[in-house]
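Architecture at a glance
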Amino acid sequence: MKIAVTGATGVLGQEAVEALVSAGHEVTGVTRRERGIPVVEGRGASAVVADVFDAAALEDVFAGHDVVVNTLAHVPIGMAAMRPLAWREDDKLHMEASVAIASAAQKAGVQRLVQESTMFLYPDNGDEWIGEDEPLSVRNQAFRPRVREMRAAVDFATGGRSAVILRLGQLFGRDPQTTHTLKATRGGDQILLGRPESYITLLHHRDAGRAFVAALGARSGFYNVGGEPITRGRWAKDLGTEAKAKGPAKFYPEIAQTVVGTRLEVQRRSLRVSSVRFMSETGWRPLIGPSTPGWSRM
């Protein structure tokens, strides 16, 4: 198939491009800047420079493609996420660019849209399992961009078209956020939110890239995509091991966590999320877990 990937120079986008190329697809990586061209081409795809907020320009780019995969995101690193306007770029991408992408794909005759989303839209559910039918916790204004993005994808899935929305687990691997976390762990600094007994559902970037390939064969709908949920206490130990630190990663004191604000509050939620539906539908399985030696260099 001929597939266009937006956000192709990001960590997630690069993994999607490489996995799709390896699967034998003809891939066009969309980058917003000229300097992104060698990054895309280095992953084996053709590169196109385009403004992801310009639906008319994207319609020309998407013409002749069977599928559009949208991986756009710009998440602030660490506690910088608490700063004023830190999420402005990420919000704009989800609120405006994702809508332009869905609209352009529809007008260009694209038949399938694969949209990146997140498990952090689910509410804290303690040690109870969370499936795709669990109501989302998105009433706060901070989640409006993600909700708008989902609606755009759902609106695309009419007239015989299909949209696959992947609610990805917390990404880990070679991304800046994980690198920041490992550095803090080595330094003995407090870095983790939540409680040791609460659950986290992780997803390595390589497995995320493979999930975008698997999504090509899934029916329209929402799917959770992650590994086996583990406790945050276990994750702290795995981080310590990977960082070669003297001990596990440290949690922020509970009193400090109460003031992190809405954006980081989701990092405190206990999310024991099941990915059984996606695995049953596509045959996808995670291959890299937090106990896999050397996962931060893969």
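Residues numbered from 1 in each chain as written. Predicted model: local features only at pLDDT ≥ 70, side-chain atom pairs only at ≥ 80, totals over all residues. Heavy atoms only, no water.

A few points about the overall build of the protein
Secondary structure summary: the protein contains eleven helices and 15 strands in total. A globule of 298 residues ought to have a C-alpha radius of gyration of about 19 Å, and the protein, at 19 Å, matches this closely. By principal-axis analysis of the C-alpha atoms, the protein measures approximately 55 × 40 × 40 Å. Taking all 298 residues of the protein together, 52% fall into the buried category. Across the protein, contacts joining residues at least 24 apart in sequence account for 78% of those joining residues at least 6 apart. As displayed, the protein offers around 13200 Å² of accessible surface, 50% of which is attributable to carbon and sulfur atoms. Positive and negative side-chain charges of the protein, numbering 37 and 33 respectively, have mean locations separated by a distance of 4 Å. (Helix = DSSP H or I, 4+ residues; strand = E, 2+ residues; numbered from the N terminus. Rg over C-alpha atoms; globule rule 2.2 N^0.38 Å. Buried < 20%, exposed > 50% of the residue type's maximum accessible area, 1.4 Å probe, protein only. Contact = heavy atoms within 4.5 Å. Areas by Shrake-Rupley, 256 points an atom, 1.4 Å probe, with all protein chains shown as cover. Lys, Arg positive; Asp, Glu negative; His and termini not counted. Charge placed at Lys NZ, Arg CZ, Asp CG, Glu CD.)

Observations regarding the packing of helix α3 (residues 55-62) against helix α4 (residues 88-107)
Running from N to C, α3 and α4 point in directions that differ by 50 degrees, and their axes come no closer than 8 Å. Our classification of the angle between α3 and α4 gives oblique. As α3 packs across α4, the resulting crossing turns out to be right-handed. The residues of α4 that touch α3, namely those facing Ala55, Leu58, Glu59 and Phe62, are Ala100, Ile101, Ala104, Ala105 and Lys107. Among the residues forming the contact of α3 with α4, the class breakdown is seven nonpolar, no polar and two charged. (Axes fitted to C-alpha atoms, helices over the stretch in contact; angles between N-to-C directions. Parallel < 35°, antiparallel > 145°, perpendicular 65-115°, else oblique. Left-handed = near helix turned anticlockwise from the far one by under 90°. Nonpolar A, V, L, I, M, F, W, Y, C, P; charged D, E, K, R; others polar.)

As for the pairing of strand β1 (residues 2-6)
Among the five residues in β1, four count as buried, and that is most of the element. Strand direction decides the pairing type here: β1 and strand β2 (residues 26-31), joined by five bridges, are parallel. Bridged to valine 5 within β2 is glycine 29. This β-α-β element, β1 to helix α1 (residues 11-22) to β2, shows right-handed connectivity. Summarising the sheet, β1 and strand β4 (residues 67-70) pair through four bridges and their orientation is parallel. Bridging across to β4, valine 5 finds its partner in valine 69. (Pairing = 2+ DSSP bridges. Right-handed = clockwise from strand over helix to strand, strands pointing away.)

A closer look at unusual backbone geometry
In this model, lysine 244 sits at a positive phi of 55 degrees, which is unusual for a non-glycine residue. The residue lysine 244 is located in the loop between α8 (232-243) and β14 (250-251) in this model. When its relative accessible area of 68% is taken as the criterion, lysine 244 is described as exposed.

Concerning the packing of helix α6 (residues 176-186) against α8
Relative orientation of the contacting elements α6 and α8 amounts to 80 degrees, with a least axis distance of 9 Å. Taken as axis vectors, α6 and α8 run roughly perpendicular relative to one another. Contacts from Thr181, Leu182, Thr185 and Arg186 of α6 reach α8 at Leu239, Gly240, Glu242 and Ala243. Looking at the contact of α6 with α8, its residues break down into three nonpolar, three polar and two charged.

Description of α6
Those residues of α6 lying buried are Thr178, Thr181, Leu182, Ala184 and Thr185. Mapping the buried residues of α6 onto a view down its axis gives an arc of 160 degrees, with all of them on the same face. Buried-residue contacts for α6 involve β8 (170-172), β9 (190-192) and α8. Glycine 188 lies just past α6 and shows a positive phi near 75 degrees. (Arc of directions from axis to C-beta.)

Examining the environment of alanine 16
Within the fold, alanine 16 resides in helix α1. Between the C-alpha atoms of alanine 16 and glutamine 106, which are 90 residues apart in sequence, the distance is 21 Å. Discounting residues that sit within four places of it in the chain, alanine 16 has contacts with Thr71, Gly209 and Phe212.

As for the sheet that holds β4
Strands sit in the order β3-β2-β1-β4-β5-β7-β12 across an open sheet of seven strands; the sheet is parallel. The open sheet terminates on both sides in strands that have one partner only, identified here as β3 (46-49) and β12 (221-225). Pairs of neighbouring strands in the sheet enclose a mean axial angle of 20 degrees, with direction left out of account. Sheet topology places β2 next to β3; four bridges connect them, and they run parallel. Across the sheet, valine 30 pairs through a bridge with valine 48, a residue of β3. Sheet strands in contact with α4 are β1, β4 and β5 (112-118), and its direction is about 175 degrees off that of β4. Against the sheet, helix α7 (residues 205-214) contacts β4, β5, β7 (162-168) and β12, and its axis sits at roughly 160 degrees relative to β7.

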